[in-house]
Amino acid sequence: MELILETRNLVKRFGAFVANDQLNLSIQKGEIHAILGENGAGKSTLMNMLSGMLAPDEGEILFKGHPVKFTSPRQAVNAGIGMVHQHFMLIPALTVAENVLLGMKRGRSPFFRFKQACAEIRSLSDRFGLNVNPELRVSELSVGQQQRVEIIKTLFRGAEFIILDEPTAVLTPPEVKDLFKVLRTLKGQGKTVIFISHKLQEVQEICDRVTVLRLGKLIGTQSLEGTLTSDLARMMVGRDVAAPVRGAASLDGPVRLQVEGVHARENGVSVLHNISFCIRQGEILGIAGVDGNGQRELSEVLFGLRAKDSGTIVLDGEELQRQYPRSMTERGVAYIPEDRHKEGLMLQMSIEENLIAKEYRKSRFSKGGIISRKKMRENAEEQIRSFSIKTAGASVPVGRLSGGNQQKVILARELMLNPKVLVAMQPTRGMDVGAAEYVHKRILEALEQGCSILLISTELEEIMALSDRVAVLYKGELLDTMDRDNADLDRIGMLMAGVRPDSSFAI
Ligand code: ADP
Ligand code: MG
């Protein structure tokens, strides 16, 4: 097999931190090669060096057998390397063709260039099955279509080596299927594709070979034929990983939280439309959906951070009027926010202070308005042990902990309250697999104590592994609620894209 790209002892540092440590990567011409690794493993850093966004500190890159030193993305593009970034770089107000032409050298008259570009985009679209119309405005396109425009952009510039950085993170399951078709066509036409992901099943489905990165080091490169998912997980995490185990569902407990016909608007625009659901004691209701479909707004209404326009919320038989976070806490509702920096923690304050932030008025921690330092410290030491929070001590500012450990502080603080209801918004986002496994374990423990849990997540695997029932949120509306046992992935995938399977119309 002919190698198209190699790196030799490639190193990238950010200050004293080594993000890529002596990497020797080798990519064969015409393969789909996965780069697999947890968040922070160094995948994007490596790709940014291959695509000219970052300069290596040490080592070299060989492309088609020759050493290359790119000092800008343009040089990489000219050599035949194109990258589709995790966050698209398109201008919504411009058309597809205008976006594709953007930043390219001028020649001829603008009108002539434009007509020629449209024709070429059509022909590329046909050849690679991309289904992209050059004359549409980018703002009119779905996320999946925008991604295909990014792919066309690289092809238009003559890319032979195409890097896709976590392309499936923003897609619904049907869009992922479409993308995989495109990747197979690219491969069939002789292009080389780098596919970055932290999802094992995707890598196994679409890739020929895989390179695993862990903590900036290259752990190994191997063919995917005959490789087990558990082997890949072990390479990625460095130990065996257990999927969360749900006990039998208890769907006959009393109803604890009942939400009926909730509407909410923001600046006159509807963000939540007629939301109704109930959660029983000891039950997890999972809410699936693509990011930005009202998840944040729903969790905010439930925790009293946002007012609803109409509808009712009933907790243990009592209707709640407009609430505020403090009164919700007093009523037994705990909340894991999506953005732990903005809403979850006081970063300059210590772990011990953050842990009692919701309870410091209680007699457990204070007398006559004065906080007992001793009790605060004892509590922190207990929680640090119980949640294995990695820290030098209870007085360390929370801002100095890693993301996973910050999330553990929030979880400890919320579960300390023995809540009746836990609203968990993306509880494991950005966490490595090990820390995520731990969070799942603690959530299931709370469930066994009788807590009712609303789990809002864009990770479908997380929803399916933990929930008793699953609902899909699309454009602020709950499309369907089903028992986990009847919830098949195809149906959920369609709903996430706004297609009701029985109507076949997009809504
Ligand atoms: P991945 O794509 O695998 O999630 P990245 O390559 O983005 O990982 O990041 C690897 C590590 O390098 C992370 O710990 C990240 O915080 C750090 N890092 C990435 N870019 C920068 C930067 N520009 N400055 C400082 N640290 C960075
Ligand atoms: Mg990345």
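Residues numbered from 1 in each chain as written. Chains lettered and ligands numbered in written order. Predicted model: local features only at pLDDT ≥ 70, side-chain atom pairs only at ≥ 80, totals over all residues. Heavy atoms only, no water.

1. Quick word on the overall build of the protein
Next, step 1: Summing up its helical and strand segments, the protein has 17 helices and 23 strands in all.
Next, step 2: Taken against the 2.2 N^0.38 rule, which gives 23 Å for 507 residues, the C-alpha radius of gyration of the protein at 25 Å falls within 12% of a compact globule.
Next, step 3: Seen along its three principal axes, the alpha-carbon backbone of the protein occupies a region of about 75 × 55 × 45 Å.
Next, step 4: Counting the 507 residues in the protein, one finds 51% classified as buried.
Next, step 5: Expressed as a percentage of contacts within the protein between residues at least 6 apart in sequence, the contacts between residues at least 24 apart total 66%.
Next, step 6: Summing over all exposed atoms, the protein offers an accessible surface of approximately 23,300 Å²; the carbon and sulfur share of this is 50%. (Helix = DSSP H or I, 4+ residues; strand = E, 2+ residues; numbered from the N terminus. Rg over C-alpha atoms; globule rule 2.2 N^0.38 Å. Buried < 20%, exposed > 50% of the residue type's maximum accessible area, 1.4 Å probe, protein only. Contact = heavy atoms within 4.5 Å. Areas by Shrake-Rupley, 256 points an atom, 1.4 Å probe, with all protein chains shown as cover.)

2. Let's talk about the nonpolar core
Next, step 1: Grouped together as the largest cluster of nonpolar side chains are 48 residues, with contacts concentrated most on Ile351, Val409, Leu422 and Ile492.
Next, step 2: With eight residues, the single largest contributor to this core is helix H15 (residues 433–448).
Next, step 3: Once residues lying within four places of it in the same chain are set aside, the contact partners of isoleucine 351 are Ile384, Thr391, Gly393, Ala394, Val396, Val398, Leu401 and Val409.
Next, step 4: Within the second largest apolar cluster, 47 residues are counted, among which are Val138, Leu141, Cys207 and Ala233. (Core = buried A, V, L, I, M, F, W, Y, C linked by side-chain atoms within 4.5 Å.)

3. Topic: the side chain of serine 197
Next, step 1: With respect to the element layout, serine 197 can be found in strand E9 (residues 192–197).
Next, step 2: Polar side-chain contacts of serine 197 include one of 3.2 Å to the side chain of glutamate 202.
Next, step 3: Ignoring anything within four residues of it in the chain, the contact list for serine 197 reads Ile35, Leu36, Gly37, Lys43, Glu202 and Val203. (Polar contact = N/O pair within 3.5 Å; in protein donor to acceptor, adjacent residues only side chain to side chain.)

4. Quick look at the sheet that holds strand E4 (residues 32–36)
Strand pairing in a sheet relies on backbone hydrogen bonds, with the paired strands running either antiparallel or parallel.
Next, step 1: Judged by pairing direction, the sheet is mixed, and its six strands sit side by side in the order E7-E8-E9-E4-E10-E11 without closing on themselves. Each end of this open sheet is capped by a strand with a single partner; those strands are strand E7 (81–84) and strand E11 (217–223). Going from strand to strand, the sheet's axes swing by 20° on average, the running direction of each strand aside.
Next, step 2: For strand E10 (residues 209–214) and E11, the ladder comprises six bridges, and the chain directions are antiparallel. Looking across to E11, one finds that arginine 209 is bridged to serine 223.
Next, step 3: Contacts from helix H1 (residues 43–50) reach E4, E7, strand E8 (161–164), E9 and E10, with the element oriented near 155° to E9.
Next, step 4: In the packing of helix H6 (residues 173–188) onto the sheet, the strands contacted are E4, E8 and E9, and the crossing angle to E9 comes to about 150°. (Pairing = 2+ DSSP bridges. Axes fitted to C-alpha atoms, helices over the stretch in contact; angles between N-to-C directions.)

5. Let's talk about the packing of aromatic side chains
Next, step 1: The final tally for this structure, using the stated rule, is four aromatic pairs.
Next, step 2: Between the aromatic rings of phenylalanine 303 and tyrosine 335, the centroid separation amounts to 4.6 Å while the plane-to-plane angle is 20°, which identifies the pairing as stacked. Here phenylalanine 303 is found in the loop between helix H9 (295–302) and strand E15 (310–315), whereas its partner tyrosine 335 is found in strand E17 (residues 333–336), with 32 residues between them in sequence.
Next, step 3: Measuring from ring centre to ring centre gives 6.4 Å for phenylalanine 387 and tyrosine 438, while their planes differ by 65°; the resulting arrangement is edge-to-face. (Phe/Tyr/Trp six-rings, centres within 6.5 Å; stacked < 30°, edge-to-face > 60°.)

6. Considering the pattern of salt bridges
Next, step 1: For the structure on display, the rule yields 33 salt bridges.
Next, step 2: A salt bridge links arginine 13 to glutamate 58; the nearest nitrogen and oxygen atoms lie 2.5 Å apart. Taken together, the residues arginine 13 in strand E1 (residues 3–14) and glutamate 58 in strand E5 (residues 58–63) connect sequence positions 45 residues apart.
Next, step 3: Assessed through its relative accessible area of 33%, arginine 13 is described here as partly exposed.
Next, step 4: Residue glutamate 338 pairs with arginine 429 through a salt bridge whose shortest N-O separation is 3.3 Å. With a gap of 91 residues between them, glutamate 338 in the loop between E17 and helix H11 (340–344) and arginine 429 in the loop between strand E20 (421–425) and H15 connect regions that are remote in the sequence.
Next, step 5: With a relative accessible area of 17%, glutamate 338 lands in the buried category.
Next, step 6: Arginine 429 gets classed as partly exposed once you look at its relative accessible area, which sits at 35%. (Salt bridge = Lys/Arg side-chain N within 4 Å of Asp/Glu carboxyl O.)

7. A closer look at the site of ligand 1
Next, step 1: Surveying the vicinity of ligand 1 reveals the residues Phe14, Phe17, Ala19, Glu38, Asn39, Gly40, Ala41, Gly42, Lys43, Ser44 and Thr45.
Next, step 2: Between ligand 1 and alanine 41, the relevant distance is 3.2 Å, taken from an oxygen atom to a main-chain nitrogen or oxygen of the residue.
Next, step 3: Threonine 45 is positioned with one of its side-chain polar atoms (N or O) 2.5 Å from an oxygen atom of ligand 1.
Next, step 4: Calculation on ligand 1 without its partners gives an accessible area of 560 Å², and the protein chains cover 57% of this total.
Next, step 5: Secondary-structure elements contributing two or more residues to the shell around ligand 1 are strand E2 (17–23) and H1.
Next, step 6: Here the shell around ligand 1 gets three residues from one element, more than from any other, and that element is H1.
Next, step 7: Here the residues of the shell around ligand 1 sort into four nonpolar, five polar and two charged. (Near = heavy atom within 4 Å. Nonpolar A, V, L, I, M, F, W, Y, C, P; charged D, E, K, R; others polar.)

8. Digging into H1
Next, step 1: Along H1, seven of the eight residues are buried, which leaves the element largely enclosed by surrounding structure.
Next, step 2: Among the residues of H1, Lys43, Thr45, Leu46, Met47, Asn48, Met49 and Leu50 are the ones counted as buried.
Next, step 3: Positioned one or two residues after H1, glycine 52 has a phi angle of 80°, which is positive.

9. Comments concerning the domain arrangement of the protein
Next, step 1: What the domain assignment lists for the protein is domain 1 (3–237) and domain 2 (255–350 + 406–496).
Next, step 2: Between the C-alpha centres of domain 1 and domain 2 the distance comes to 34 Å.
Next, step 3: Each partner contributes residues to the interface: domain 1 has eleven residues there, and domain 2 has 13 residues.
Next, step 4: Overall, the association of domain 1 and domain 2 removes approximately 790 Å² of surface from exposure, summing both partners, and the carbon and sulfur fraction of that is 62%.
Next, step 5: Three residues, Glu38, Asn39 and Pro173, lead the burial of domain 1 against domain 2; their summed loss comes to 40% of the area buried on that side.
Next, step 6: Where domain 1 meets domain 2, there are one salt bridge.
Next, step 7: For aspartate 490, the salt bridge goes to lysine 177, with nearest N and O atoms at 3.6 Å.
Next, step 8: When contributions to the side of domain 1 that touches domain 2 are tallied by element, the ones reaching two or more residues are H6 and helix H8 (229–237).
Next, step 9: When residues in the side of domain 1 that touches domain 2 are grouped by element, the largest group, three residues, is from H6.
Next, step 10: Across the side of domain 1 that touches domain 2, the residue classes tally to five nonpolar, three polar and three charged. (Domains from an automatic or database assignment. Buried area = accessible area lost by both parts, 1.4 Å probe.)

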